[in-house]
Every structure is written in structure tokens, then in C-alpha cells.
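Here is how the chains run, residue by residue.
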Number of protein chains: 2
Amino acid sequence: MHIKRTETHNAWDRDLAPIAVIAPGDEITVETTDAGDGQLTPGSTAADVPGLDFSRINPVTGPFEIEGARPGDALVIDILDMSVGSWGWTACIPGFGLLTEEFPDPHLRVSTIADDRAELLPGLSVPVVPMIGTIGVAPPEPGPHSIVPPRRWGGNLDIRHIGPGARLVLPVGVDGALLSLGDAHAAMGDGEVCGTGVETDATVRLRIGLQRDAAPKTPVVETDPRTHRTGAALATTGVGPDLMVAAAEATRALITEIVNRTGLAAADAYLLASVAADLKISEVVDVPNWVVSAHLELAYLT
Amino acid sequence: MHIKRTETHNAWDRDLAPIAVIAPGDEITVETTDAGDGQLTPGSTAADVPGLDFSRINPVTGPFEIEGARPGDALVIDILDMSVGSWGWTACIPGFGLLTEEFPDPHLRVSTIADDRAELLPGLSVPVVPMIGTIGVAPPEPGPHSIVPPRRWGGNLDIRHIGPGARLVLPVGVDGALLSLGDAHAAMGDGEVCGTGVETDATVRLRIGLQRDAAPKTPVVETDPRTHRTGAALATTGVGPDLMVAAAEATRALITEIVNRTGLAAADAYLLASVAADLKISEVVDVPNWVVSAHLELAYLT
């Protein structure tokens, strides 16, 4: 079964009609369109960002009815294979992202994707580590639910480890589960700090399994070692009693280091952090101050 | 210069007399005592945990005056080498840790450390990745400051990447900087969820440098690749509008998975998560819900 990327929707809703029925154990190939739903092109510039129609943002392909799935079951999704498009985009969208106040202006970079690298800026590329930003099932509560926030039913999880070789386990909330996916990234860092990764089209091959009455409370992932970073890194820190403030502080400090060491513009450094740096909670127990660190491989800084 | 582990203090204070003076560029060897200040021994049990004298907790060796250091300078600390003791302890201390309500009882595991492994439980060992839990300089504000919380001056940062091969850059807050360190761990996960790693004595060889007027706002680390995890992992998640709640939810889900898959007692699973699992901020931008994931290598679960 091969599903085209035109079969999308933009809200989670238990009353959507499924576009296909999948039997547990089946493999399917799903095309997804980029998070901008084709509104940006390789020729787009920052001036095109404010004109985006946000009602079309983050389309997902689906929903798929999983035969026999019932609330309380676990959906076991193996991501067998995934290819991404030949280009991607990364943007600073006003009002969206971790540092919206520092970066009020739209900014856009279009990456050429080739040879397993995405060239974010001329001469600055990141390895392609494909991932599915949004994958989830319909919540049991009726009515449309925004596609933007993730929930215990999955959705816009933006977990960069959900890519080839990974297994995702989701709780089923409604009969048939109603699985959808989209929002592929060619690269992203833990945190996705500017709000976008390298946004791109993708084709994903999945195997869908079902475990009766085995729903986890929240999504569970088995990760693939290909998602590990391998190089020495620079880690900046945020220290304080609020993890969100600490995450912003660590990210701000990383942007400062990138700018000081490479001469990049701050907005480009923010994008680079979003697609290549990882936010880690270093400690969350030494009351009353916690530590968040933002790690970027040193190779980007030389 | 070789400093014995008896030269400790238990609060940050700009008025402490330095135990030694170090010239920028010098190498020193510093012994540190474990975070319990020797109150626990290889024969200790959970029953000894409530009797710990907390006024002695987390001693640091120092302070060292760095010759010529002035407020606004950057202290550049290269961790050249580090060895840990032959045993360590990991405890659940009532009232301390991320999940204090679920784990109200004291719990203790003593690890034998040999051949670069720490045996947390019979037959369950973790690789030794030595790190310095507490390293910092005196805050400029007068008076004693608790050793427990980290601050922008460093201290109990519990960043597991501060180990051999790493470089730590700290802002200098007072003349002479007044550097101290202690609280070594043979192993720890990002987050240190139960509040302790594999707590142990250590001997650390450092080179101390000084950069004039180059203080970072918060500590900065250059990490060593030896701190990377390499295996496939299980990642549980917390999803919601508060990162702390999400971190607890992800940790709780990981403990459930460990218990279900291995039959370990929940308290042991909590300790294992604290010394071997990593908390990552997967996304912090998809308003209003953020995702924290807790990653533990699958090798621990077979």
C-alpha cells in the first residue's frame, strides 16, 4: 500500500473518515508533505514567511484505520525506511520558538539535500538524520484538536529519534486508532529551539503492529544508534529554578558562542542550534536550581 | 601540587582562606572525598541513610586561589585525568530526588568498581564514566552559600560531561576565584533523577588557565566523546505544559518499563535510571505542550 502526500488533514479528530484500512502486521509506504504544505519553495525568502497560511501548517497524511485496534491497545510502529526530499527549509517564524523575543523578525534558510548532508548555509552542512516530527492517533475526546501541540496520543512530538530503525509505541484512544503522520525533518536537534528543523517532504515505510491492552501511558520509543551524535561538543548552560528559563538561557549562551566563534549572524546561529544542537537536562534534583545544557558538536565551530 | 581529600569545606564563601595558590597554567592533582564525606562504607545498608549528617554532605576540596584572577575573568579548567575509588554508593534519600513522593523510603546500593565497570546490583553493571559533580568558584555575594544548588558560578552542576578530556569555563566572581571541587561520580545519567550517581572518592588532575575579561554568563563545557552513549535505547516520554512535570512523567514511565522488562524492584530501577539514563528535552516549542524523553540503553533491559 502506497499513500500519496495529497491525502492530508490538519487537525486530530476521531470523526475523520479513514483514507485506508491497515491490518496489524502490514507494511505501508506513506508520502508526507513538508510542514509548510508546499507554501515555501527553494526560491522563497524571509519575506515569504509572514505570508504563510497557518491554517495549512503541519499537514499529516492519514488517518489510517488499524483493523481491530481498540482503546487501551498499544500501536507498535516500526519505521523501516525513510527518504527525504532534495531540499528543505528552516525558518524563524515570528511569535514561534524558544527565543521569540530575541528573534522577532522572520528568517529563512533553504537547504539543498544531497549525499546525506543538508546545506543549511553556504559551506555549512549538517548530516541528514531523517525523522518524523508528527505521528499520532486520534484523541478520544470528540471534535477537532490542534495539530500543533503533542499529546499523550502522540502527534507533534518532534522527538528526533523517531526515524529509520526506531520503533514507536502509542496508546490507542479510539476504535481503529486513526494513525496519521507528517512533518518530516532531514535534521533536528533535541529541543528544536527555533521551532523548525530542516523541514522537508518524505517517503516513509512503516510496519504497524498491535498489542492488545498494552497501551503505554505516554509514547515510548526504541531508538536507533544512528541518531547518536559522535563528536566532541560545546555545551552551554542555563542554571536556575525553572527548566524553561534554563533552556532559554542555555540556548541564548550557545548562540552567543556560535556567533563569537564563527561570525555567523545571530539568526543563523539560532537556526543552526535548532537543527544540530541538543538540549539535555543535566540535573533536576539539586534544589532549588536545575541545569539545562545545550550541546553542539565542536566541528561546527571551527 | 597534590592536595589531600581532607582539605574540604561545605559551603561557598568568599571569605574562606585558600588552602593553596595556583598560578595560571599550572597543573594540580586534587583528591576529593565522596558526597557523603565518608559516612557510608561498603558495608552500609539502607538503614544507614536516614542517619546521615546532612551538614557534612557534598564536601569540596579547596578553595584554591588562582593567582591574578579578577571578577569578570574566565577560569579555564582542563580535566586532564581522573581516577575513581574501588567502590561507590547510590541512594534514594527521603525528600530528595525527582520522584520523592513515589519513593519515600531510604534505599542504598553499594557498587564495586573494577575494570571500568561499577556493579550497581549483582550482575548489573554500568560503564565507569568518571565525572566531577561539584566544581565552582566563590560567589561575589558575602556570607556562606549552600553547597547543594548550582549557580552561575558553577558548584553542584552535576553535568555528567565534566570528566576526563573535558574543558570547563567558569566566570570568576571574586579576586583569586576560589575554586573548589568534589562530589565525584563513577557514573551518572543526565538528570541524576534519584539525586545520586555512583558516589565515590576520586583523584583529579587539572590544568587551570585564566582568560582576562572573558567570563561567560554561565558555565560552558567542551565535552569529550567518551561521554557519549553508543547503544540503541528505550526512550519514554512526558508530554505537557511544564518541563518539570514532563521530566517526572518520563522518568516514572521509564521505571515502569524497567520493572516490567527486567523484574527489578522499582527502587532499584529508579537508581539505575539515575546512573545510566539520560533526560533530553525533545521539543520545547510546540505550544503549549513540551516533550521530555528519558533514554536508557536497551542492553540494560534484556
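Residues numbered from 1 in each chain as written. Chains lettered and ligands numbered in written order. Predicted model: local features only at pLDDT ≥ 70, side-chain atom pairs only at ≥ 80, totals over all residues. Heavy atoms only, no water.

*Asks:* Outline the overall build of chain A, listing residues and values.
*Replies:* For chain A, the helix and strand inventory stands at two helices and 21 strands. The C-alpha radius of gyration computed for chain A amounts to 19 Å, which stays within 12% of the reference 19 Å derived for 302 residues, consistent with globular compactness. With respect to the principal axes defined by its C-alpha atoms, chain A has extents near 55 × 50 × 35 Å. When contacts within chain A are restricted to residue pairs at least 6 apart in sequence, long-range pairs at least 24 apart make up 79% of them. Approximately 10,200 Å² of chain A is accessible, and the part contributed by carbon and sulfur atoms is 50%. (Helix = DSSP H or I, 4+ residues; strand = E, 2+ residues; numbered from the N terminus. Rg over C-alpha atoms; globule rule 2.2 N^0.38 Å. Contact = heavy atoms within 4.5 Å. Areas by Shrake-Rupley, 256 points an atom, 1.4 Å probe, with all protein chains shown as cover.)

*Asks:* Outline the packing of aromatic side chains, supporting the account with residue identities and numerical values.
*Replies:* Residues and elements named next belong to chain A. What the rule picks out here adds up to two aromatic pairs over all chains. Seen from their ring centres, Phe 103 and Tyr 270 are 4.3 Å apart, and the 15° between their planes marks the pair as stacked. Highlighted residues: Phe 103 in the loop between strand S8 (87-92) and strand S9 (107-114) and Tyr 270 in helix H2 (residues 266-276), separated in sequence by 167 residues. A single burial state applies to Phe 103 and to Tyr 270, both of which are buried. A cation sits over an aromatic face here: Arg 152 above Trp 153, 4.4 Å from the ring centre. (Phe/Tyr/Trp six-rings, centres within 6.5 Å; stacked < 30°, edge-to-face > 60°. Buried < 20%, exposed > 50% of the residue type's maximum accessible area, 1.4 Å probe, protein only. Lys NZ or Arg CZ within 6 Å of the ring centre and 35° of its normal.)

*Asks:* Could you give an account of the pattern of salt bridges, with specific residues and numbers?
*Replies:* All names here are of chain A. Inspection of the entire model under this criterion finds 31 salt bridges over all chains. Note that Glu 27 is salt-bridged to Arg 205, the shortest N-O span being 2.8 Å. Highlighted residues: Glu 27 in strand S5 (residues 27-32) and Arg 205 in strand S17 (residues 202-211), separated in sequence by 178 residues. You can call Glu 27 partly exposed: its relative accessible area is 39%. On the accessibility criterion, Arg 205 (32% relative accessible area) is partly exposed. (Salt bridge = Lys/Arg side-chain N within 4 Å of Asp/Glu carboxyl O.)

*Asks:* Summarise the side chain of A:Asp78; cite the residues concerned and give the values.
*Replies:* Mapping A:Asp78 onto the fold places it in strand S7 (residues 74-84). Setting aside anything within four residues of it in sequence, one finds A:Asp78 in contact with A:Ala166, A:Arg167, A:Arg205, A:Leu206 and A:Arg207.

*Asks:* I'd love a proper account of the interface of chain A and chain B, names of residues and values included.
*Replies:* Residue-level contacts link 61 residues of chain A with 61 residues of chain B. Taken together, both faces of the contact between chain A and chain B bury some 4,800 Å²; the carbon and sulfur share is 61%. Summed over the three residues of chain A that lose the most area to chain B, namely A:Ile281, A:Val285 and A:Asp286, the buried surface amounts to 13% of that side. For the pair chain A and chain B, the interface holds two salt bridges. Measuring nitrogen to oxygen at the nearest pair gives 3.3 Å for the salt bridge that ties A:Glu222 to B:Arg261. The interface formed by chain A and chain B holds 24 residue pairs in polar contact (both at pLDDT 80 or more) in total. Secondary structure elements with two or more residues in the side of chain A that touches chain B: strand S18 (220-222), strand S19 (233-240), helix H1 (243-262), strand S20 (278-283) and strand S21 (290-297) of chain A. (Buried area = accessible area lost by both parts, 1.4 Å probe. Polar contact = N/O pair within 3.5 Å; in protein donor to acceptor, adjacent residues only side chain to side chain.)

*Asks:* So, the relation of the copies chain A and chain B: which residues are in play, and what are the values?
*Replies:* Rotating chain A by 180° and translating it 0.0 Å along the rotation axis places it on chain B, where the RMSD comes to 0.0 Å. What the superposition gives is, in effect, a two-fold axis relating one chain to the other. Relative to the rotation axis, the C-alpha of A:Lys280 is the closest in chain A, positioned 2.2 Å from it. (Least-squares fit on C-alpha atoms with pLDDT ≥ 70 in both.)

*Asks:* Which residues make up helix H2 (residues 266-276) of chain B, and what values go with them?
*Replies:* Of all eleven residues making up H2(B), ten are buried, and the element is well covered by its neighbours. Along H2(B), the residues that are buried comprise B:Ala267, B:Asp268, B:Ala269, B:Tyr270, B:Leu271, B:Leu272, B:Ala273, B:Ser274, B:Val275 and B:Ala276.

*Asks:* Summarise the sheet that holds strand S11 (residues 124-127) of chain A; cite the residues concerned and give the values.
*Replies:* All names here are of chain A. Reading across the sheet, the four strands line up as S8-S9-S10-S11 and stay open at both edges, with antiparallel pairing between neighbours. Where the open sheet ends on each side, the last strands, each with one partner, are S8 and S11. Looking at each pair of strands side by side, their axes are set apart by 30° on average, direction ignored. Inspection of the sheet shows S8 paired to S9 by six bridges, in the antiparallel sense. Each residue of the ladder has a partner; that of Trp 89, found in S9, is Val 110. (Pairing = 2+ DSSP bridges. Axes fitted to C-alpha atoms, helices over the stretch in contact; angles between N-to-C directions.)

*Asks:* For the state of the cysteines, give the residues involved together with the corresponding values.
*Replies:* Applying the stated criterion across every chain yields a total of zero disulfides over all chains. A:Cys194 takes part in no disulfide bond, and the closest cysteine sulfur, belonging to A:Cys92, lies 5.9 Å away. (Disulfide = S-S within 2.5 Å.)

*Asks:* Hey, could you go over the sheet that holds strand S8 (residues 87-92) of chain B for me, with residue numbers and the actual values?
*Replies:* Two strands in a sheet stick together by hydrogen bonds in their backbones, pointing the same way (parallel) or opposite ways (antiparallel). All names here are of chain B. Read across the sheet, four strands follow the order S8-S9-S10-S11 without closing on themselves; strand pairing throughout is antiparallel. The sheet is open, and its two borders are formed by S8 and strand S11 (124-127), each paired with just one other strand. Going across the sheet, the axis of each strand differs from the next one's by a mean of 30°, ignoring polarity. Alignment of strand S10 (residues 117-121) against S11, held across four bridges, turns out to be antiparallel. From the neighbouring strand, Leu 121 faces S11, where its bridge partner is Leu 124.

*Asks:* Summarise unusual backbone geometry; cite the residues concerned and give the values.
*Replies:* The omega torsion across A:Gly62 and A:Pro63 is 0°, close enough to zero to call that bond cis. A positive phi is found at A:Leu178, a non-glycine position, where the angle reads about 60°. Position of A:Leu178 relative to the elements: it lies in strand S16 (residues 177-185). If you check the backbone angles, B:Asp115 has positive phi at about 50° while not being a glycine. Summarising the element assignment, B:Asp115 is placed in the loop between strand S9 (107-114) and S10.

*Asks:* Summarise the environment of A:Thr251; cite the residues concerned and give the values.
*Replies:* All names here are of chain A. The topology assignment puts Thr 251 in helix H1. With 15 residues separating them in the primary sequence, Thr 251 and Thr 236 have C-alpha atoms 7.4 Å apart. Apart from the residues within four sequence positions on either side, Thr 251 is in contact with Leu 98, Leu 99, Val 193, Leu 279 and Ala 294.

*Asks:* So what about the pairing of S11(B)? Which residues, and what values?
*Replies:* Successive residues of a regular strand alternate their side chains across the two faces of the sheet. Only one face of S11(B) is buried, namely the one carrying B:Leu124 and B:Val126, since none of B:Ser125 and B:Pro127 on the opposite face is buried. Hairpin connection between S10(B) and S11(B): a loop of two residues separates the two successive antiparallel strands, and B:Gly123 in this loop has a positive phi of roughly 85°.

*Asks:* Account for the environment of A:Ile66, with residues named and values stated.
*Replies:* Relative to the helices and strands, A:Ile66 is located in strand S6 (residues 60-66). In this view, A:Ile66 contacts A:Ile22, A:Pro24, A:Leu75, A:Gly176, A:Ala177 and A:Ile208; residues no more than four positions away in its chain are not counted.

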